[in-house]
Amino acid sequence: MISRRSDDESHTFDPVPDDAVTPQAPQADETPAPETPAPETHAPETHAPEMITGVPGTFTDPDARTQSGTDIPGPGRRGADLRRRASASVHRAAAPFRRAGIGARDASARAGRSAARATRAATAAVHSRIPGTRKGRVLLAGGAAAVVAAVVAGGVAVDAALDRQNLAAAPGGVLALDGELQESWSVAVDGALEIRLVRMPGGVVAAVGRDAVLGLDAASGETLWTVERASAECGPLPVARAERAEEAERLVCVAPAATEDGPLTVTVIGQDGVEATREVEAAAVVRPAADGGLFVVHRTGTPPDPVQPTPEPETDAEGNVVALRGTVEDGWDLSVRMEDAASGEVRWERSLPFEPADLAAGGSCIEYDGATGGPTLALDGALTAFSSPTVVAVAGCGAAGIFTPEGEPIEESPPEAFVLAGGSYYSEGGLSYTSFAGASLPGSRIPLVDGGYVRIDGTIVDEDGTASTPGGVVLDPLTTDGSAPRFMLLNQPSRLVAVDDDGDGRWSSELPTNHLVARTANLAVLLDLRGRLVGVDLRSGEELWATEPELLAVGGWTAVEQVVTEAFTDGSTVLLATPPRPGEPGLRLLAVDLDSGDVTWELKQETPYTQLLAVDGNLVQVTQQGVVGLAPPAR
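Here the structure is a predicted model, which is why all the values come from computation and not from measurement. Going along each chain's sequence as written, the residues are numbered from 1 onward. Under the rules for a predicted model, residues below a pLDDT of 70 receive no local features and side-chain atom pairs below 80 are neither given nor counted, while totals for whole chains, interfaces and linings still include all residues. Processing note: side-chain calculations cover all non-hydrogen atoms of the structure and skip hydrogens and water entirely.

A. Layout of the sheet that holds strand β20 (residues 333-340). Strands qualify as paired when DSSP identifies two bridges or more between them. Under the scheme used here, helices are H or I runs from DSSP no shorter than 4 residues and strands are E runs no shorter than 2 residues, and both carry numbers assigned from the N terminus. Pairing in this open sheet of four strands is antiparallel, and the strands run β15-β16-β20-β21 from one edge to the other. In this open sheet, the two edge strands, each paired with only one partner strand, are β15 (285-289) and β21 (346-352). The sheet shows a mean angle of 15° between the axes of neighbouring strands, direction not considered. In terms of strand pairing, β15 meets strand β16 (residues 293-300) through five bridges, oriented antiparallel. Bridge pairing links V285 to V297 in β16. In this analysis an axis means a line fitted to C-alpha atoms, helices contributing only their contacting stretch, and an angle means the value between N-to-C directions, from 0 to 180 degrees.

Structural data, given as C-alpha cells:
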C-alpha cells in the first residue's frame, strides 16, 4: 500500500499490486518467529500473508507485549489466567467504592474515558519507540533490572488493574468467560421485551422500560433507584455499535404536557437517580440529547405564504393520487439549540433558513391522509427529529440540519459515494442516512469503536480530526479486549490489508472476509465469506486457526450482523451470540478459545432474545421475564 500525504495533512493510500508485496525476512539480530502448529481438530484453508516491505519500521518481532510492556508468549490464553484473577480481585475490592461519591464523579467519568484512551495510545507510542529486536530487549532488561526488582509486585498489580479497567471499558469487554454462563441475578420487569439497556458510570446499567427507568448494579442486580417514566421519552438511546459501548453520564426524560397548552416536564437521571426536574415550554421539537442535553427546535421567521404554486398530482391507473410534483417556494425557517436539560443554559444555537424544496424528493413537505392514504402539502406539518449519543438532527419542509451534540454541523451523505465506504445511503423524512456495520444514523458518518468515525465516502477521521482515505473498507470489531489497536484492518478487493497509525501497510492476505468479529492485542477473529471464523495473528497476518463453516451455518445468512448478533471477550475467549438453528427458538451462545479456535462451551436459550450488553465487565441480558446477569460459576 502506498501512502501519500497531501497539503491538508490527510493521507491517501493506494492498494499495493500483488507483485510489489513480498515476505519480509527477520533482521540479523532478531529471533525468527516460531511456527504455530495447526490445531489437530481443524484443517483450515490457509491464505499465506504477505509482509509489505520497503516500509521503515515494519514490525517483524515475534514477541508480543501487553499494554505495560511485559513480554507474553502469544496472542491468546497463555498468561491471561493470572491477569484475569488479579483483575477480578481488584474489581471485588473496589466494589464498595464504586458509588461512594468520592470526588467529582461527573467530571472524572468523562475524563476517565478520555484518559483510558490516552493511556492506551501513549502506551502504544512507547512500545513503538522500543526496538522490537534482541538488542532492544537487552537494553530494557539491563537498564531496568534494578527498578524491576524493586517494584515488580506493585507493577503486576498495576498492570492487572489497568488491564481490568481497559477490558471493562471496551466494547463487549467481560471479565470472565471461562465457564458456561448461568444467571447470577435477575430482576422481573413487566413488558420486559421493550426494555433498552444503557451503560452508565460506576457499574450501573439503566433499564429503560415501558413504565419506568431502573438503575441496576450490573455486578449484583441490586435495584439502586427507580424513576417512573409514564409516557415520557427517555434517552438518548444508542444506535451504532460504538454508541452502545460508551457510558451515558446522564439520561433525560421528557414527559408530555398535562394540558394542551401546558409545559413539558424534563427529568435528568444520573448514576444515582434523579438529579434535576424542571418544566419547559412546548416547542416544535423537544428531545433528549447526549451529556444531559435537551435538543429544542422552533419554527421562526414569517409564516409561509398560503398561496403556493399548486402541486401537480401524479395518479395511478385507478386515478388515485400517489405523489405530488412541483416546488415549494416559501416555508418556515428553523431555530435549533442545545440546552442543559437541568439548568436550561443554552450550550449552542443554530439557524436553518428555508430553501425551495422539490416535492419529488419527498421529505417533510408532504403528509399522507389517514383516510385515503394520498399525499397532501404540509407546510406546518410535523418535523422529523432524531437524537442519539453522537448525532442530533431535524428536518422540516425546506429546512434541515444534522449536528454533533457539541453543535458541529455534519454533512449529508452523497448517494453516489456509498460503494467506497462499504455502506449504503438512503433518505427518509427529509434526512439523509448512512448505513454501515449494522447501524443507520443521519448524516455522512458512523462512529468507530476505537474512536473517530468513518464517512460514507470511505474517509476515516480519528479523534484528533486527522483524515485519511485508505482505499478500502475499515473493519470495525464487534468486541475488543481494550488494548490499543496494533493495526487497522481494511478490506480491499480480494485482499485483507493491515495498516499502522501512519497509514503504512504492514501485511496483506488473500483471506476473503468482510467482517471483524473480535480484536485483542495480537489476534483478529474474522468471519470469512465461507462462514468460517478465522484467527489471524495481527503481527504477521498468519492464519492460526479456522472453524468449519458448519459451526455458524444459520439458515443461509451471510452478513455478520445476521450470523453473529453480538460478540464479547475476556481476552482469552470470544463469546458469540448467534441466531438459533432453523426450527430452534431463542438464542445460541458459543464460546470459542482464542488460542485454538475450539468451542469450549455452548449454551442454547429458549427465551426470546432482545439485548445483551457488557457493563463494567459484567454481562447483562434482557429476557422475556426481565433483566438478568450472566456469569460463569463461582470458583
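There is more to say, and it comes next.
B. Quick look at the state of the cysteines. Criterion for a disulfide: a pair of cysteine sulfur atoms within 2.5 Å. As enumerated under the stated definition, the model contains two disulfides in all. A disulfide bridge connects C234 with C253, and the sulfur atoms are separated by 2.0 Å. Between C234 and C253, the S-S torsion sits near 110°, and that sign places the bridge as right-handed. In this pair, C234 sits in strand β11 (residues 233-235) while C253 sits in strand β12 (residues 251-255), placing the two residues 19 residues apart along the sequence. With respect to class, C234 is no different from C253; both count as buried. Should the bonded cysteines of the protein be numbered as they appear in the sequence, the pairing reads 1-2, 3-4. A 1.4 Å probe rolled over the protein chains alone gives each residue an accessible area, and that area as a share of the maximum for its type sets the label: buried under 20%, exposed over 50%, partly exposed in between.

C. Representation of the environment of T520 in the model. Note on placement: T520 falls in the loop between β40 (513-519) and β41 (523-528). It is 9.3 Å that separates the C-alpha atoms of T520 and D570, two residues lying 50 residues apart in sequence.

D. Representation of the nonpolar core within the structure. By nonpolar core we mean a set of buried residues, namely Ala, Val, Leu, Ile, Met, Phe, Trp, Tyr and Cys, connected to one another through side-chain atoms within 4.5 Å. By size, the foremost hydrophobic cluster in this structure holds 21 residues, and its most contacted members are V454 and V474. Counting only elements with at least two residues in this core, the list comes to β26 (392-396), β29 (431-436), β30 (439-442), β35 (473-474) and β38 (495-499). The biggest single contributor to this core is β29, with three residues. The criterion used for residue contact is that any of the two residues' heavy atoms lie within 4.5 Å. When neighbours within four sequence positions are excluded, V454 is seen to be in contact with F436, S444, R445, I446, L448, T459, I460 and V474.

E. Here's a closer look at empty space enclosed by the protein. Cavities and pockets were defined on a 1 Å grid built over protein atoms only: a cavity is a set of grid points that admits a 1.4 Å probe from which the probe cannot escape, a pocket is an open set flanked by protein on both sides within 12 Å along at least five of seven lines, and lining residues are those with an atom within 4 Å of any such point. Grid points are joined across faces, edges and corners, and a volume is the space filled by probe spheres set on the points. Scanning all chains against the criterion turns up three cavities of 30 Å³ or more. Reported here for the largest cavity is a volume of approximately 150 Å³. Per-element tally for the lining of the largest cavity: the top contributor is strand β48 (residues 611-615), with four residues. A class-by-class count of the residues in the lining of the largest cavity yields eight nonpolar, two polar and four charged. Three classes are used: nonpolar for Ala, Val, Leu, Ile, Met, Phe, Trp, Tyr, Cys and Pro, charged for Asp, Glu, Lys and Arg, and polar for all others, with Gly counted as polar.

F. Structural detail: the environment of V628. Mapping V628 onto the fold places it in strand β50 (residues 626-631). If we skip the residues at most four places from it in the chain, V628 touches E183, W185, S186, L619, V620, Q621 and T623.

G. The pairing of strand β14 (residues 273-280), seen in detail. Both strand β13 (residues 264-270) and β14 contribute to a ladder of seven bridges, which runs antiparallel. From the neighbouring strand, V266 faces β14, where its bridge partner is R278. Between β13 and β14, which pair antiparallel in sequence order, lie two residues.

H. Representation of the side chain of T569 within the structure. Structurally, T569 is set in strand β44 (residues 566-569). Pairs of N or O atoms are called polar contacts if they sit within 3.5 Å, as long as, within protein, a hydrogen donor faces a hydrogen acceptor (for residues adjacent in sequence, only side-chain-to-side-chain pairs). Among the polar contacts made by the side chain of T569, one reaches the main-chain carbonyl oxygen of T573 at a distance of 2.7 Å. Each residue touching T569, except ones within four places of it in the same chain, is listed here: L167, G172, G173, V174, L177, T479, T480, D481, V574 and L594.

I. Local environment of the pattern of salt bridges. When a carboxyl oxygen of Asp or Glu is within 4 Å of a side-chain nitrogen of Lys or Arg, the pair counts as a salt bridge. Applying the stated criterion across every chain, the model contains 18 salt bridges. Ionic pairing is found between R210 and D211, a salt bridge with its closest N-O pair at 3.7 Å. On the accessibility criterion, D211 (41% relative accessible area) is partly exposed. When the shortest N-O distance is used, the salt bridge between R278 and E339 registers 2.8 Å. Within this pair, whereas R278 is found in strand β14, its partner E339 is found in strand β20, the two being separated by 61 residues in sequence. The exposure class of E339 is buried, given its relative accessible area of 7%. Residues participating in the shared-partner salt-bridge network are E194, R210 and D211.

J. A look at the sheet that holds β12. If you trace the four strands from one edge of the open sheet to the other, you get β11-β12-β13-β14, paired in antiparallel fashion. Of all strands in the sheet, those with a lone pairing partner are β11 and β14, marking the two edges. Pairwise comparison of adjacent strand axes, ignoring direction, gives a mean angle of 15° for this sheet. As defined by bridge partners, β11 adjoins β12 across three bridges and the pair is classed as antiparallel. Within the sheet, the bridge partner assigned to C234 lies in β12 and is C253.

K. A look at unusual backbone geometry. Across the junction of G235 and P236, the peptide omega takes the value 5°, indicating a cis bond. Position of P236 relative to the elements: it lies in the loop between β11 and α4 (241-245). In this model, D291 sits at a positive phi of 55°, which is unusual for a non-glycine residue. The residue D291 is located in the loop between β15 and β16 in this model. Residue classification places D291 among the partly exposed positions, given a relative accessible area of 28%. Backbone geometry places D616, a non-glycine residue, at a positive phi of 55°. Topologically, D616 is positioned in the loop between β48 and β49 (618-622). Classification of D616 by relative accessible area gives buried; the value is 12%.

Nothing here speaks to function; it is geometry throughout.
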